[in-house]
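Tertiary structure, described
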Amino acid sequence: MLLGRDAERARIAGLLDEARGGRSGVLVLRGEPGVGKSALLADAIEGAAGMTVLSGGGIESETHLPYAGLHQIVRPVLAGLDQLPDPQARALRGALGLEAGVGDEWFLVSLAVLSLLAEAAEQAPVLCVVDDAHWLDDASSESLAFAARRLEAERIAMLFAARDTEVRRFEAPGLDELSLSGLGVDASAGLLDRIADVPLSQEARERLIDGTGGNPLALIELSSRLSEAELTGLEPLAEPLPVGSRIEDAFLSRVRRLPEATQTMLLVAAAEDTGATATVVAAADRLGVELSALDEAERADLVRVRGPQLAFRHPLIRSAVYQAAPLSQRLAAHEALASVLVADADLDRRAWHRAIACVEPDVSVARELEEAAQRARRRSGFVAASLAFERAATLTPGERDRLRLLTGAVEGAWFSGRLGRALALLERARPLAHDAAARAEIDAWRGLIELNAGVPADAGELLLAAAAELAETDARRALYLLGLACVAAGYSGKGPTVTGIADRASDLDADDGLGRFLARFVRGMGAYFGGDFSAGAADLQAALELADEADAAGSAGYRGILLLAGGAGLFLGDDGAADLLNRRLAFRARAAGHLPLLTQALPRLALAEIGSGHWAAAAAGLSDGIRLAREGGQHQVLGHMLAVQALLAGLRGDEHECRELAAEAGELASRRSFVHVALTAQWALLALELGRGDAEEALGRAREITELPLRLWTGPDRVEAAVRADERELAAAWLAELEAWASSTGQQWAIAAALRCRGLLAGETEEADRVFASALAACNESVRPFERARTELAFGEFLRRTRRRREAREHLGAALHGFDSLGAAAWAERARVELRASGQTARRREPSTRDDLTAQELQIARLVAEGLSNRDVAAQLFLSPRTIDFHLRNVFRKLGISSRMQLVQLELARADAVAEAEPAAAPARA
C-alpha cells in the first residue's frame, strides 16, 4: 500500500478505467529521483486486472542503441505485426532488427508502433508502462511519444516516468503530465514507522522529514544508514544530512562494504545494457570473477536475478556503481563485455563496448562502429547512427575518412531533427574539407539547415557557395543547389538575387531530363522575379513538362524535385499542376512516413485546393500539417501553414481566427526573416478586410505586399482594395502588372480576375458592362469558384448601380449561391445586402450537417468516400483503425446515414475525388 499518494493513484486508476471502457489516455509522471514514480507504476500494474501489460524502461548505457527500449516494451505483442499494413510491418521489423530492412524515416516506424498497440488492444485493454523514460534511446522515445499523442479510442493507457534532474530529458509535448513532490508530513512519518526497527525520536523523525523533503527513497535509504542510537535520539544526527544528489552515495556506501569480486561483478552489470545475466557472468569471468560473487549483491538487495534477467533494485544503484569506478576498471569492464558479445544479434553492442574501451584511434574499432552506424541508419535510427559515425570519426586517424564519417553523422542529425548538433558537426568537419567537392557538401548541408531552421537569405548564400564549388565538376548537382537557392531567395523577399542566381546557371550544361528540368526551372525563376513574366512563364511551363522525367531520374540526393515542380505550378497560377504535383509528393511522404516532405507539401497543396474551391479539404490538411509541424519543431513550415490557414479563415470571414493565426505566423516570420510567410499573413488580413468591406484597412494591408510571387497572387485583391479606397492611379498600376502576368501564363482564372478588376476601375461606363461580361465568359473556362462568385458580385453591383435591377438580381443571386457553397460568410453577406437593395429578399443559408463535422471528421469522411478502408485511412492520417471507426460513427450520426455508400452519394468527398494514389500522368496546364 502506497502512503500519501491517494490523489495520484486515483488519477491513474481513472486512466485504466477509461481504457477498459474504450477511451485511451496518457500520463507522464515527473519528479526527482526517489520521489516514488516507479512505485506508482508498479501500483498501476497491480491494478491492471484484465489488461495486457507492456512494460520496460530506459537504460543510460543504451541511449545510443536505436529502438532498444521500444523492443523491450513491445516484445510480448510482436505477433501482431502480421496484422499491420505491410509497409508498417516491414519498417518496424527492420527497426527492431527482426529482419533485414531499409528505412529512411522514423515516422513510418512510429506509425507502426501505434498500429501494433491498437492491434493488441483489440484483444484486451492495454497498459503500457515506461520507467526512466529520460534514458530511452531517442528513436524509442520519439516513436512512443508519437503513438501516445494519437491515442483516442483504442483502449490503451500509457504511463511514462521521467526524472527532471538529468541532462537528458523525456520530451513529451502535448501529453498530460503530473509532477510528483515529496510525501506530506503524516505520510512521511508513517513510512518511517513502517521501515524502522526501533521507535524514532521526535527529533530524528523531524530531521529526516525536513532534510529529505519527504522523498520516499531518501527516507528509506538514510534511515537504514543511521545507527540505533541516532534513530532513538541517544546520539545527534549528522549535519547536514546526505540527501538530494547524495542519495547515490547511500547506495555506494553499501556497495563498498561488499567483497571486491562482488563490486567487480556489479560494475560489469552496470556497464552491460540488456540485463542479460549470462552476458554479465561471462564478462565477469573474463576478469577473474566467479558466479558466486553475485550472491553477495543479491543478499545486500542491490540486484535481483530472475532467470535470465538481472536488474538493479533501483536505477540509482547502477549510476552510483558505474560513475564511482575508476576509469581503468570501467574500460576493462567494457572490453570484457565486447569479448563475449560474438553473436550476429550483438554486433552493435560489441562495437560500442569496444569503442568505449578505446582511448586512442583504432581503425578496426572504427570500422565496426561505422558498420553499426550503417545498420542503425537502415533501421531509421538516425540519432544512433549519428552518434556512431561521430565516435567512429574520433577513432579514425586519416582526415579524409574522418570527414566522410562526420558527414555521415551530420546526415543522421539532420534526419532526426537535431539541427544544432548537425551544425556543430559541420564545424568540426569544415577544417578537414580540402577539395571543392568536400567544401560544397558541407556548405550544402549548412544551407539546407539554415533554410529550415535559420534565415533563408543566409541559406541562399551558402547554397550559392556550394553550387559555385561544383560548377565545373557536377553541373547537375550545381543546378539543383541553385534551384534551392532560388527558393531561399524568394522566401526571403530578394527578387533581384533570384535573377542573379539564374545568370550563374546560364553556363551550366546538364543534358539529361533532370538537368534540363533544373535548368529551365532556374532560368524561369530568374525571368519571373526579374519581371519578365512572358519568358518566365515559358521556362517554368517547360520545366513542368519535364517534371515527370526529372522525378523519375531523381534520387535520395534530389529529394526536392517535386517541391520545385509544385512551386513552378503555383508561380504559374496553374492549379491543376500545383495540385497534382504537391498531392503526389504528399502521397509519397505519407506512404513512406517522411514527415519533412509531407509538411512542406501540405501548405502548397492547400493553396491549390483553396484556389479550386476545396476549402474543407484544405482546412483538414492544414490542421493535420500544423499538428505535425508543431511536434517536429519545423518552425518555418509551421509559419507557412499558419499563414495559409489564416488566409482560409479570412476568406471565410472568421475574424478572430484569422487575426490570431496571422499574428502567430507573423511572429514566427519576424524571428527568421521569413518574408514569404509574413506576406502570406498580410494576404490573409487583406482578404478578411475586403470581405468585411473595410476598403481603407484592406488598402493598408495591400500596400504591405510588395514582393513576388505574393504581389501577383494577391493582385485581384490589391486592385479591388485600391479601387474601393478611391486610389485609382495605384489601382491602374497594380492592374497593369496583373494583366501582364495573366496574359503570360494563359490561366483563365487570372485573365478573368484581371478583366473584373478592369471593370471595377472603369466605373459606371459602357466599358465596364462589356469587360464584366468578358470576365464572366472567361470564368466559364476557369476552375476557381470563389473568383467566379466575386465576378458575379462585381457585375451585379455595377448593374444595380446603373438601375438595371432585374439583370443585377441574376448575378447577385449567383454570387450569393457561390459564396454560401464555399462558406465565405462575409462575402455572402455582402451579396445578400446587394440583393436586398435590388428588390429581392434572400434567406440566410441554413447550416448544413456538413458544417457540424470537425476538420478531422471531414477529412476521414472524404477519404472513406474515395473508397479507402478504415485501415487505409488510418495509415494516411497517422491514426489507429479503431480511432477512424470512432470518428466515422460520429460522421454517420451527424449526417443521419448508416453506410459508406450513402456517404459517397452525399458527395462529401471533393467533387473531383482523386484517390490518394500516386498520379502517373504528366502535369499539364489547366
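Within each chain, residue numbers correspond to sequence positions counted from 1 in written order. For a predicted model such as this one, the threshold for reporting local features is a pLDDT of at least 70, and the threshold for listing and counting side-chain atom pairs is 80 or more; totals across whole chains, interfaces and linings nevertheless cover every residue. As a rule here, side-chain values come from all non-hydrogen atoms in the structure, and water together with hydrogens is ignored.

Secondary structure is summarised from DSSP: a helix means a run of H or I of at least four residues, a strand means a run of E of at least two, and numbering begins at the N terminus for each. When helices and strands are tallied, the protein shows 48 helices and 7 strands. Radius of gyration: C-alpha atoms only; globule rule: 2.2 Å multiplied by the number of residues to the exponent 0.38. What you see for the protein is a C-alpha radius of gyration of 33 Å, in line with the 29 Å of a compact globule of 926 residues. Referenced to the eigenvectors of the C-alpha coordinate spread, the extents of the protein come out at roughly 110 × 65 × 50 Å. Three labels apply to residues, based on accessible area from a 1.4 Å probe with only protein chains included: buried if under 20% of the type maximum, exposed if over 50%, partly exposed otherwise in between. Within the protein, the proportion of its 926 residues that are buried is 59%. Counted over contacts in the protein with a minimum sequence separation of 6, partners at least 24 positions apart contribute 70%. We call two residues contacting when some pair of their heavy atoms lies within 4.5 Å.

The next thing to look at is the sheet that holds strand β5 (residues 177-179). The pairing of strands in a sheet happens through backbone hydrogen bonds and is either parallel or antiparallel. Taken in spatial order, the 5 strands line up as β2-β3-β4-β1-β5 in an open sheet, and their pairing is parallel. If you trace the sheet from one side to the other, it starts and ends with β2 (52-57) and β5, each paired once. Pairwise comparison of adjacent strand axes, ignoring direction, gives a mean angle of 15 degrees for this sheet. Should DSSP find at least two bridges between two strands, the strands are regarded as paired. As defined by bridge partners, strand β3 (residues 126-131) adjoins strand β4 (residues 156-163) across 5 bridges and the pair is classed as parallel. Bridging from a neighbouring strand, Cys-128 pairs with Met-158 of β4. Of the strands in this sheet, β1 (25-31), β3, β4 and β5 are in contact with helix α1 (residues 6-21), which crosses β4 at around 145 degrees. Lines fitted to C-alpha atoms define the axes, with helix axes restricted to the stretch in contact, and inter-axis angles between N-to-C directions lie between 0 and 180 degrees.

Helix α41 (residues 766-779) packs onto helix α40 (residues 748-762) with a crossing angle of 165 degrees between their chain directions and a minimal axis gap of 8 Å. Comparing the axis directions of α40 and α41 gives the class roughly antiparallel. Regarding α40 and α41, the two cross each other, and that crossing is left-handed. Between α40, through Gln-748, Ala-752, Leu-755, Arg-756, Arg-758, Gly-759, Leu-760 and Ala-762, and α41, the contact on the second element is made entirely by Glu-767, Ala-768, Val-771, Phe-772, Ser-774, Ala-775, Ala-778 and Cys-779. Residue polarity is assigned by list, with Asp, Glu, Lys and Arg as charged and Ala, Val, Leu, Ile, Met, Phe, Trp, Tyr, Cys and Pro as nonpolar; anything else, Gly included, falls into the polar class. A class-by-class count of the residues in the contact of α40 with α41 yields 10 nonpolar, 3 polar and 3 charged. Roughly parallel here means an angle under 35 degrees, roughly antiparallel means over 145, roughly perpendicular means 65 to 115, and every remaining angle is called oblique. Each helix crossing is assigned a hand: it is left-handed if the near helix lies turned anticlockwise from the far helix by less than a right angle, otherwise right-handed if that turn is clockwise.

This part is about the confidence of the model for the protein. Values of pLDDT, which run from 0 to 100, indicate the predictor's confidence residue by residue. When pLDDT is averaged along the protein, the result is 89, and 94% of the positions lie at 70 or above. The secondary-structure element of the protein with the lowest mean pLDDT is helix α48 (residues 900-905), recorded at 79, while helix α38 (residues 715-724) shows the highest, at 98. A low-confidence stretch, residues 908-926 stays under pLDDT 50, and its non-local contacts, those more than four residues away or across chains, total 55 contacts.

Moving on to helix α2 (residues 37-46). Because each turn of an α-helix spans 3.6 residues, side chains separated by three or four positions end up pointing in the same direction. Within the sequence span of α2, burial applies to Lys-37, Leu-40, Leu-41, Asp-43 and Ala-44. Viewed along the axis of α2, the buried residues span an arc of 160 degrees, placing them on a single side of the element. As for α2, its buried residues are in contact with α1, β1, β3 and β4. The directions considered for the arc are those from the helix axis to the C-beta atoms.

Turning our attention to the environment of Asn-452. You can see Asn-452 is positioned in helix α22 (residues 436-453). What makes Asn-452 partly exposed here is its relative accessible area of 26%. Taking the C-alpha atoms as reference, Asn-452 lies 21 Å from Ser-380; in sequence the two are 72 residues apart. Beyond its immediate stretch of four places on either side in the chain, Asn-452 contacts Trp-414 and Gln-636.

Okay, helix α11 (residues 247-256) next. Buried residues dominate α11, accounting for 7 of its 10 residues. Regarding α11, the residues found buried are Ile-247, Ala-250, Phe-251, Leu-252, Ser-253, Arg-254 and Val-255. Next to the buried residues of α11 lie α9 (216-225), α12 (260-271) and α15 (315-324).

This next bit is on the side chain of Thr-63. With respect to the helices and strands, Thr-63 occurs in the loop between β2 and α3 (68-74). In contact with Thr-63, not counting residues within four places along its chain, are Trp-135, Leu-136, Asp-137, Asp-138 and Arg-168.

This next bit is on the pairing of strand β7 (residues 309-312). Along any regular strand the residues' side chains alternate between the sheet's two faces. Residues Leu-310 and Phe-312 of β7 are buried on one face, while the alternating residues Gln-309 and Ala-311, pointing to the opposite face, are not. Where strand β6 (residues 303-306) and β7 come together, 4 bridges link them in antiparallel fashion. Bridge pairing in β7 places Arg-306 opposite Gln-309. If you look at the hairpin formed by β6 and β7, you'll find 2 residues sitting between the two strands, and Gly-307 has a positive phi there, around 60 degrees.

Right, let's get into the nonpolar core. Met-158, Phe-160, Phe-517 and Phe-819 are the most contacted members of the largest nonpolar core, which has 198 residues in total. For Phe-517, the residues in contact, after removing those within four places along its chain, are Ala-543, Leu-546, Ala-547, Ala-550, Ile-561, Leu-564 and Ala-565. Counting residues in each nonpolar core, the second largest holds 52 residues, with Leu-226, Leu-237, Ile-247 and Val-303 among its members. Throughout this description, the term nonpolar core refers to a set of buried Ala, Val, Leu, Ile, Met, Phe, Trp, Tyr and Cys residues connected via side-chain atoms within 4.5 Å.

Summarising the element assignment, Ser-492 is placed in the loop between α24 (475-491) and α25 (495-505). For Ser-492, a relative accessible area of 8% corresponds to the buried category. C-alpha separation for the pair Ser-492 and Glu-461, spaced 31 residues apart in sequence, amounts to 12 Å. With residues up to four places along the chain from it excluded, the contact list for Ser-492 reads Pro-456, Ala-457, Ser-673 and Val-675. Throughout this description, a polar contact denotes any pair of N or O atoms lying within 3.5 Å of each other; where both atoms belong to protein, one of them has to be capable of donating a hydrogen while the other can accept it, and for residues adjacent in sequence the pair is counted only when both atoms sit in side chains. Among the polar contacts listed, one links the side chain of Ser-492 to the backbone oxygen of Ala-488, at a separation of 3.0 Å. Separated by 2.9 Å, the side chain of Ser-492 and the backbone oxygen of Ala-489 make a polar contact.

Looking now at unusual backbone geometry. With an omega of 0 degrees, the peptide bond between Leu-708 and Pro-709 qualifies as cis. Tracing the sequence through the fold places Pro-709 in the loop between α36 (695-704) and α37 (710-713). In this structure, Asp-726 is a non-glycine residue whose phi angle is positive, near 65 degrees. Secondary-structure assignment places Asp-726 in the loop between α38 and α39 (728-745). Given a relative accessible area of 57%, Asp-726 falls into the exposed group. In the Ramachandran plot, Arg-803 falls in the positive-phi region, its phi being about 65 degrees despite a non-glycine side chain. Its location among the elements puts Arg-803 in the loop between α42 (785-801) and α43 (805-822). For Arg-803, a relative accessible area of 73% translates into the label exposed.

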